[in-house]
Amino acid sequence: MTSRQREESIQDVPISVTQFGEEAIQSIAPSTLRDFDGLTPNVFIGMNTAGPGASAIYIRGLGYADIEKSQTPNVGVVIDGVFVPSSTGQLIDTFDIEAIEINRGPQAILWGRNTSGGTIVVRRGRPQLGEWDARLLTSYGNYDGPGDGGAFKVQAVANVPLTEETLALRVGYTFKDEQGYSKNLLNGDNRGAIDYQAINTKLLWEPTEALSLLFNWDWIRDRSDIPPQDARWDGNDPYINRSDRVPKEKAPYDVSVVSLEANYELPFGAKLTSLTAYWNSNDLVYQDFDAGRSFPTNPTANDPQGVFARLHTRREQDFNVFSQEIRLAGELFDESLHYTTGFYFSKETHDFTQRTERQLQIDFTSLWNTFDPAPFVVPCAAILGGAGFPVDGSTVDPTKKFCAETTQFAAQETAPRTTSWALFGSLEYEIPWVEGLRANFGIRYIKESKDFKTKISPITNNTLVGSVFGAPILSLPVQHKEWDDVVFEAGGSYEVLDNLNTYYRYSQGFRSGGFSLRGSQPSPTAADPRSWSLTFNPETVSSHEVGVKSSWLDGRLVANLAGFFESIEGGQGSSIINGVSAVGTDTLILNGGTTEIYGLELQSSLEVLEGLNVDFTLGWQTGEGKGSVQSSHNLPAPAGDTLCNATSGLPKANQNESTCPTISFASGSDLARTPELTWSIGASYRLSVGPGELILGSRVRHNDFFWIIPRAIDPNTGAVINTPVPQNGYTLLDANLSYEFQVQEHTLRVGFVGHNLTDKQYKEQELPLGPGGFRGWGPPRYVGGEFEI
């Protein structure tokens, strides 16, 4: 099975795709999907510190690095045909996997919703009829870092034939116990510990040659910490924090996924496929956004995290997705015409509650030193109270020099509902009068409707657990929006020689609009019939790609080259706005203008001699935002403008947008997580030694400089108007050494694995909150041993 939902060689697919088979996966020795970062041209696979198994995956500059489930990622992760419906949980475990395919460019025709950047398609082991089989893998290793760093893992899978010819069961189990390689300096505890269990059960029934039914059940129980985070204000000092969050930053996560895939071979040679799936997940994330210690009663003992002296959250989510897909695929005209057509439907229910503890403190030390010795005492109420913040009654004086806001406890309850459906079809025709020429065309109609409501209430007993909510500060009634679009794909391929194919592909992508989950702006009124401030519009992508796929030396050398150009309209990006209301920050999704990205990609592999294989990948890409003007009645306003001023007391819904400022980004704006140059080189060698084989492997992967948060440029002044976050280029070295031998009918393997052997420090995520906020770092050096039977 390939990118086009049918059996064919990767070399025949007119799409840029990288495939990792079982042997390659074993050589990489991954723990999660994150370990494939840097092994595919122009593909970035990072993590997000705000949720369990949460990803930041980018393909050709398109990706999603936020955490909310109300936005679907640009890159879809598909497991046995079922979409992982949000970025939470995308960094899946990698045991019992037969193949992973990374498809670059929009995949909107055959792969469902919002895959405007690409897809990562994972195929796990399938039950085998009439065969007994079992595998066990265990490993123990250690991560460098200030934490203890121990990492233990046990994984097992068994295939059981329940009948001779029609019924088989496959069951897999994973257990991970990691102590955590980060450290909390306040109490000496480890941070980033992993406590993870998962079960996968597959039942295959083939009552006839024409009919097969595959039932799948996944169960995950994750009681891990959130990925380690480091305070921004202490400099580039990874793997440590002084978080005072109680309870500590954990992320309990429970998942249950059931699916049923039915395939029926019709009498006229077509195959009818039905895939029904139900996803249920619950996660509870405790997070300390300031990543430091805070003493509301003694501000001088605070860590210097800037404006937010304390920002703690408790995020609880229940997320359910039902999906149904029906496909009909077959061939006509002596197999010269391939077709696929079908219908897709999904329905999401999402219940979200975020409880926030916020305490604002302002340090007036520099101001005070200007007038030192100060002969006067200033009430804090005159400073913070005038800005609409309740204060703790303290005063600014020569010994304190701080104003402190009364600690605020608030809860936001949000309930998005999404219904999506689509009709799609795809054709490929082998032109009879030109040997080797094939043309393809695809179309998909997509329609999504979304309902959304939210309210924000004070927590009256000043606690984040078992809280009692007071009368709502803000309550927005149910809002309803609908979006639809038609996306196309067209192209052709030409077989120049038996081993040389060229192709052109035009494809479109669509990412639906929606509502900003963490927004806190009032709803429209009759006096201000604007579009609701929490609504964002769809993002669309148009992509052109040309490529050459070739194999030489009787298939020992494979070389594939592709070039692409993408244009993105209305790119969706998060903007965190501070202090616009008494409830705290506002997170809005804003649509950008036009973004253009183009690049080149090379993939090659060579069997140098029997047992020795070398592969090389190279990606080059560049792009820019061509200019964007965004509505910003939620943003800071000019002094003296009573219609826009956030402290005027005038409800935002009554502000006149025509007099409010806008934020404009100049042409030439940078892109996030889009390194200009990426490359990797790997080698594996199997050598007969004694009764078995010695297997050696090594990989080097490199990411050039990139922006985690790009610069936003004022087109009028050329000034940087945000807090950009750069990451310098880095190179990672991985290696593995193992010995494989037979004991009776069983294959045993013992080995050693090393990741990031040079212990390179690099960031994958950063969130500035004024001078404060936190960073998420890539894992340090890991060395461990493995045993498999």
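Residues numbered from 1 in each chain as written. Predicted model: local features only at pLDDT ≥ 70, side-chain atom pairs only at ≥ 80, totals over all residues. Heavy atoms only, no water.

Q: How should I be thinking about the overall build of the protein chain in this particular structure?
A: Helices and strands together make up the secondary structure of the protein chain, namely 2 helices and 48 strands. Taking as baseline every contact in the protein chain between residues at least 6 positions apart, the subset at least 24 positions apart corresponds to 69%. About 31,600 Å² of surface is accessible on the protein chain, with carbon and sulfur atoms providing 57% of the total. (Helix = DSSP H or I, 4+ residues; strand = E, 2+ residues; numbered from the N terminus. Contact = heavy atoms within 4.5 Å. Areas by Shrake-Rupley, 256 points an atom, 1.4 Å probe, with all protein chains shown as cover.)

Q: It is not clear to me how the environment of Lys-763 should be interpreted in this structure. Could you clarify?
A: With respect to the secondary-structure elements, Lys-763 resides in strand β46 (residues 763-769). Here Lys-763 falls in the buried class, since its relative accessible area comes to 8%. In the structure, Lys-763 is positioned 38 residues away from Val-725 in sequence and 9.7 Å away in space, judged by C-alpha atoms. Of note is the side chain of Lys-763, whose polar atom sits 3.3 Å from the backbone oxygen of Pro-726. (Buried < 20%, exposed > 50% of the residue type's maximum accessible area, 1.4 Å probe, protein only. Polar contact = N/O pair within 3.5 Å; in protein donor to acceptor, adjacent residues only side chain to side chain.)

Q: Help me understand the sheet that holds strand β4 (residues 62-64), please; the structure alone is not making it clear to me.
A: Read from one edge of the open sheet, 3 strands run β2-β3-β4, paired in antiparallel fashion. Edge positions in the open sheet fall to β2 (43-47) and β4, since each of these has one partner strand only. On average, each strand axis in the sheet is inclined to that of its neighbour by 10°, with strand direction left out of account. In this structure, β2 lies alongside strand β3 (residues 55-59), joined through 5 bridges in antiparallel fashion. In the strand pairing of β3, Val-43 is matched with Ile-59. (Pairing = 2+ DSSP bridges. Axes fitted to C-alpha atoms, helices over the stretch in contact; angles between N-to-C directions.)

Q: Is there a simple way to explain unusual backbone geometry in this structure?
A: If a residue is not glycine, its phi is most likely negative; likewise, a peptide bond is most likely trans. In this structure, Pro-247 follows Val-246 across a cis peptide bond, with omega equal to -5°. Assignment of secondary structure puts Pro-247 in the loop between β17 (240-241) and β18 (253-265). One non-glycine residue, Asn-42, adopts positive backbone phi at about 60°. Among the secondary structure elements, Asn-42 is positioned in the loop between α1 (22-28) and β2. Of the residues examined, Asn-42 reaches a relative accessible area of 2% and is grouped as buried. Here Arg-673, not a glycine, exhibits a phi torsion of approximately 50°, which is positive.

Q: Is there a simple way to explain the pattern of salt bridges in this structure?
A: In a structure, side chains of opposite charge can pair up when their charged atoms sit close to one another. For the structure on display, the rule yields 40 salt bridges. A salt bridge links Glu-764 to Arg-34, with the nearest nitrogen and oxygen atoms 2.9 Å apart. Of this pair, Glu-764 sits in strand β46 while Arg-34 is found in the loop between α1 and β2, placing the two residues 730 residues apart along the sequence. Each member of the pair, Glu-764 as well as Arg-34, is classed as buried. The residue Glu-101 makes a salt bridge to Arg-123 at a minimum N-O spacing of 2.9 Å. Of this pair, Glu-101 sits in strand β7 (residues 97-104) while Arg-123 sits in strand β8 (residues 118-124); the two residues are 22 residues apart in sequence, bridging distant segments of the chain. The buried category is assigned to Glu-101, whose relative accessible area is 1%. Looking at Arg-123, the relative accessible area reads 24%, which means it is partly exposed. A single network of salt bridges, built from pairs that share partners, joins Arg-60, Arg-104, Glu-545 and Glu-601. (Salt bridge = Lys/Arg side-chain N within 4 Å of Asp/Glu carboxyl O.)

Q: Is there a simple way to think about the pairing of strand β9 (residues 133-143) in this case?
A: If a strand is regular, its side chains alternate between the two faces of the sheet. As paired elements, β9 and strand β10 (residues 150-161) share 10 bridges and run antiparallel to each other. Residue Ala-134 lies in a different strand from β10, and its bridge partner there is Ala-158. In sequence, β9 turns back onto β10 through a hairpin of 6 residues, with Gly-145 there showing a positive phi of about 130°.

Q: How should I be thinking about the packing of aromatic side chains in this particular structure?
A: Centre-to-centre distance and the angle between the planes together describe a pair of aromatic rings. The full count for this structure, using the stated rule, is 16 aromatic pairs. Pairing Tyr-143 with Tyr-782 gives two aromatic rings, centres 4.8 Å apart and planes at 45°, and the pair type is tilted. Placement of the pair is Tyr-143 in strand β9 and Tyr-782 in strand β48 (residues 782-788), with a sequence separation of 639 residues. A relative accessible area of 16% means that Tyr-143 is categorised as buried. Overall, the relative accessible area of 11% leaves Tyr-782 in the buried class. Consider the rings of Tyr-730 and Tyr-762, whose centres lie 4.3 Å apart with planes at 15°: the pair is stacked. (Phe/Tyr/Trp six-rings, centres within 6.5 Å; stacked < 30°, edge-to-face > 60°.)

Q: Can you help me understand the side chain of Asn-560 in this one?
A: One can find Asn-560 in strand β33 (residues 557-569). Note on Asn-560: relative accessible area 10%, which makes it buried. Reaching out from Asn-560, the side chain makes a polar contact with the backbone nitrogen of Ser-550 at a distance of 3.2 Å. The contact partners of Asn-560, leaving out residues within four places of it in the chain, are Gln-11, Val-548, Lys-549, Ser-550, Glu-601, Leu-602 and Gln-603.

So, to be careful, I would describe these as geometric facts and stop short of saying anything about function.
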